[in-house]
Amino acid sequence: LSSGINAEYGQTIEDVTAEVHVPLITKSRDVKIKILPSSISCAISGKEIFSGKLYSGVVCDESTWTLEDHENDIKIVRIFLVKGNKSPQSCWASFLIDKYSADFVTLDNMQKKILQERYQRENPGFDFSQAEVSGNYQGGGPMLS
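Residues numbered from 1 in each chain as written. Predicted model: local features only at pLDDT ≥ 70, side-chain atom pairs only at ≥ 80, totals over all residues. Heavy atoms only, no water.

Peer 1: Can you help me understand the pairing of strand S4 (residues 39-44) in this one?
Peer 2: Looking at chain direction, strand S3 (residues 31-35) and S4 are connected through 5 bridges and run antiparallel. Looking across to S4, one finds that Ile33 is bridged to Cys42. Counting the residues that bridge the hairpin from S3 to S4 gives 3 residues. With 6 bridges joining them, S4 and strand S5 (residues 47-53) adopt antiparallel strand pairing. (Pairing = 2+ DSSP bridges. Helix = DSSP H or I, 4+ residues; strand = E, 2+ residues; numbered from the N terminus.)

Peer 1: How should the confidence of the model for the protein be read in this particular structure?
Peer 2: Detailed reading of predicted coordinates is not advised where the pLDDT is low. Scored by pLDDT, the protein has a mean of 87; 88% of the residues are at 70 or more. The weakest mean pLDDT in the protein belongs to helix H1 (residues 104-122) at 83; the strongest belongs to S3 at 98. (pLDDT = per-residue confidence, 0-100.)

Peer 1: Teacher, can you tell me more about the nonpolar core here?
Peer 2: Taken as a class, soluble globular proteins show a tendency for nonpolar side chains to be buried jointly. By size, the foremost hydrophobic cluster in this structure holds 29 residues, and its most contacted members are Ile40, Phe50, Ile79, Leu81 and Phe95. Those elements that place two or more of their residues in this core are strand S1 (7-11), strand S2 (15-23), S3, S4, S5, strand S7 (74-82), strand S8 (94-96) and H1. Setting aside residues up to four positions removed in sequence, Ile79 forms contacts with Val16, Thr17, Ala18, Ile33, Ile35, Ile40, Phe50, Thr64 and Trp65. (Core = buried A, V, L, I, M, F, W, Y, C linked by side-chain atoms within 4.5 Å. Buried < 20%, exposed > 50% of the residue type's maximum accessible area, 1.4 Å probe, protein only. Contact = heavy atoms within 4.5 Å.)

Take a look at the structure:
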C-alpha cells in the first residue's frame, strides 16, 4: 500500500495479506476493521486508514485480522483476506479498486510467485522454489493440457 500509509500487501493463490504499521501503544480495541465480500475499511484510534472496494471478492467468514508486536517499536495490524476466486489467474493488481496498485516490478514478482505456487500444486513431487520464471506468466501462466 502507499499514499502515506505505512503498509504493504502480498498474496498467494488463496489469500491476500495486508500489514499496517501502527504505534506501539495501539490496543486491539483501537482497531476497527470491517470486512465485507467486496469491500473493507480500517480505522485505528478513530482515524480512517483506508476504505473502499477490494480488487476482487473475499470470503468474509474465513478472513480475519490480528494485532502483533513487531520490531522497531511498532505493532502491525495483519489483515488476512481469503480470496473468493482461488485460481492462479486471480492475482490482485491492487489492494483496492483504483487504489494502492502494486508497481510493475512488485506485481511482476507476485505473478511469478503465484505461478510457482501453481506449478508446485500441480507437481507435488518437485521443488519449484528456486525456479526462474520467464515468458508468459501473467494471468496464471499458460494453460497446460
